[in-house]
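Spelled out, the chains give:
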Amino acid sequence: AFTNLAAGLAGARWGLKPVVIIGLLFQILTYGMLYGWDSSWEKRTAIIYVTIAQMFGGIAKDLTKLGGKTVTKLVTPEDKSTRLFKLVSLITGMKNSLKGVGYFLGSA
């Protein structure tokens, strides 16, 4: 939630392009970190390392998601926006439900 708020404020202040570029750079950092993972590390060190890499991946997702949602809103005709956003809400809800099922099954 904090990253979404920060991304929105940054997008309003500096525009979408820098925010999306920073998001893509964070994604490259995430992949680089995961590529640098070493299987000889202690379990605790590996878990902390991967958790930090996932944190950067989450920040990257939120920053780039801002651009995708904003562009969709800008190119959608005014009379179609309600229908589009209802569809997006439905799809997002379904995705989150499936994600929850995945977490549940993964913990079993």
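The preceding data block contains the structure.
To start, this report covers the structure provided alongside it. What you are looking at is a predicted structure, and each value in this text was computed from that prediction instead of being measured. (Residues numbered from 1 in each chain as written. Predicted model: local features only at pLDDT ≥ 70, side-chain atom pairs only at ≥ 80, totals over all residues. Heavy atoms only, no water.)

Turning to the overall build of the chain, a few remarks are in order. Scanning the chain for helices and strands turns up four helices and zero strands. Walking the chain from its N terminus toward its C terminus, one meets helices and strands in the order α-α-α-α. Compactness check: the chain gives a C-alpha radius of gyration of 17 Å against a globular reference of 13 Å for 108 residues, more than 25% above the reference. A burial count over the chain gives 17% of its 108 residues as buried. Residue pairs in contact within the chain that sit at least 24 positions apart in sequence constitute 65% of those at least 6 positions apart. A total accessible area of about 8500 Å² is found for the chain, and carbon and sulfur atoms account for 69% of it. Considering the chain, the positive charge centre built from 13 side chains and the negative charge centre built from 5 side chains are found 6 Å apart. (Helix = DSSP H or I, 4+ residues; strand = E, 2+ residues; numbered from the N terminus. Rg over C-alpha atoms; globule rule 2.2 N^0.38 Å. Buried < 20%, exposed > 50% of the residue type's maximum accessible area, 1.4 Å probe, protein only. Contact = heavy atoms within 4.5 Å. Areas by Shrake-Rupley, 256 points an atom, 1.4 Å probe, with all protein chains shown as cover. Lys, Arg positive; Asp, Glu negative; His and termini not counted. Charge placed at Lys NZ, Arg CZ, Asp CG, Glu CD.)

The end-to-end C-alpha distance of helix α1 (residues 2–14), which contains 13 residues, comes to 18 Å, matching closely the 18 Å that a straight helix rising 1.5 Å per residue would cover. The set of residues buried in α1 consists of Thr3, Ala7, Ala10 and Gly11. Mapping the buried residues of α1 onto a view down its axis gives an arc of 100°, with all of them on the same face. In α1, the exposed positions that point more than 90 degrees away from the buried face belong to Phe2, Leu5, Leu9, Ala12 and Arg13. Directly after α1, the chain includes Gly15, whose backbone phi takes a positive value near 95°. (Expected span 1.5 Å × (residues − 1). Arc of directions from axis to C-beta.)

With that out of the way, let us pick up the pattern of salt bridges. In total, this model carries two salt bridges according to the counting rule given. Lys65 is paired through a salt bridge with Asp62; the nearest N and O atoms lie 3.5 Å apart. Of the two residues, Lys65 and Asp62 are both situated in helix α3 (residues 43–75); the distance of three residues between them amounts to about one turn of the helix. For Asp62, a relative accessible area of 10% puts it in the buried group. Through salt bridges with shared partners, a single ionic network connects Lys61, Asp62 and Lys65. (Salt bridge = Lys/Arg side-chain N within 4 Å of Asp/Glu carboxyl O.)

Turning our eyes to something else, we now look at the side chain of Thr30. Among the structural elements, Thr30 can be located in helix α2 (residues 16–35). Relative accessible area serves as the criterion here: at 4%, Thr30 is assigned to the buried category. The contact partners of Thr30, leaving out residues within four places of it in the chain, are Ala53, Phe56 and Gly57.

Before going further, it helps to examine the environment of Ala53. With respect to the helices and strands, the residue Ala53 is situated in helix α3. Note: C-alpha distance between Ala53 and Gly102 (49 residues apart in sequence) is 21 Å. Dropping the residues within four chain positions of it, Ala53 is found in contact with Thr30, Met33 and Leu34.

Read these as spatial facts, not as claims about activity.
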